Amino acid sequence: MELVLHRAYFKEGTNGALFNSGKFLCHTIELPWNNNKRNISCIPEGTYEVQPRFSKRFKHHLILKDVKGRSFILFHPANDALKELQGCIAPVTYLSGIGKGVYSKNAMQKLLSLVYQAKDRKETILLTIKSQNYEHCRTL
């Protein structure tokens, strides 16, 4: 299974659109790009393996493997990147501003469902992060 995240970078945060097999899945919010600095930057563009994970804090969520210079980069629910993220990616149902969204838990459930189905099929789950392709752009 391949997920593709198209990002748009802004000073206040990073907004994205997440696709699965070319179909729009949800929006994403992240911290702004800050040279991949731990806890204050989104991660570099590239392709990463994604695995399901469970913790007391985030319950069911996803972790990205082998992020250069970083560890514990997760997909987990959040609605405000600057207040709730430390380098992770939050799926959101709707964007409400730069680095802000709503109904993150709903978007996370949708994403987890697809990932667990792929895992049941014994598929490798990959996430490719790219700069925004404007044909996929959705307005705020």
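Rules of the game
Residues numbered from 1 in each chain as written. Predicted model: local features only at pLDDT ≥ 70, side-chain atom pairs only at ≥ 80, totals over all residues. Heavy atoms only, no water. Salt bridge = Lys/Arg side-chain N within 4 Å of Asp/Glu carboxyl O. Helix = DSSP H or I, 4+ residues; strand = E, 2+ residues; numbered from the N terminus. Buried < 20%, exposed > 50% of the residue type's maximum accessible area, 1.4 Å probe, protein only. Contact = heavy atoms within 4.5 Å. UniProt positions renumbered as here; feature names shortened; annotations may be inferred. Pairing = 2+ DSSP bridges. Axes fitted to C-alpha atoms, helices over the stretch in contact; angles between N-to-C directions.

**Things to note about the pattern of salt bridges**
Consideration 1: Taken as a whole and judged by the stated rule, the model has 3 salt bridges.
Consideration 2: Arg7 is the salt-bridge partner of Glu30, the closest N and O atoms lying 2.8 Å from each other. On the criterion of sequence distance, the pair formed by Glu30 in strand 3 (residues 23-30) and Arg7 in strand 1 (residues 2-10) is long-range, its members being 23 residues apart. You'll find Glu30 and Arg7 in the same group, each marked buried.
Consideration 3: Between Lys100 and Asp80 there is a salt bridge whose closest N-O contact spans 3.9 Å. Placement of the pair is Lys100 in strand 9 (residues 100-102) and Asp80 in the loop between strand 6 (73-75) and helix 1 (81-84), with a sequence separation of 20 residues.
Consideration 4: On the basis of relative accessibility, which here comes to 37%, the residue Lys100 falls in the partly exposed class.

**What about the environment of Ile40?**
Consideration 1: For Ile40, the position within the fold is in the loop between strand 3 and strand 4 (46-55).
Consideration 2: Sequence separation of Ile40 and Leu85 is 45 residues, and the distance between their C-alpha atoms is 8.4 Å.
Consideration 3: Every residue in contact with Ile40, bar those within four places of it in the chain, is listed here: Leu31, Pro32 and Asn34.

**Side note on the UniProt feature "domain: DUF5675" (unreviewed entry) in the protein chain**
Consideration 1: UniProt annotation of "domain: DUF5675" (unreviewed entry) refers to residues 5-116 when read in the numbering used here.
Consideration 2: Annotated as 15% helix and 46% strand, the span residues 5-116 places its first and last C-alpha atoms 19 Å apart.

**A word on the sheet that holds strand 3**
Consideration 1: Read from one edge to the other, the open sheet built from 8 strands follows the order 6-5-4-10-1-2-3-7, with strand pairing classed as mixed. Of all the strands in the sheet, the pair left with one neighbour each is strand 6 and strand 7 (90-92). Averaged over neighbouring strand pairs, the angle between their axes works out to 35° when direction is ignored.
Consideration 2: Note: strand 1 against strand 2 (residues 13-20), 8 bridges, orientation antiparallel. Residue pairing for strand 2: Arg7 is matched across the bridge by Gly16.
Consideration 3: Against the sheet, helix 2 (residues 104-120) engages strand 1, strand 2, strand 3, strand 4, strand 5 (59-64), strand 6 and strand 7, with an angle of about 70° to strand 5.

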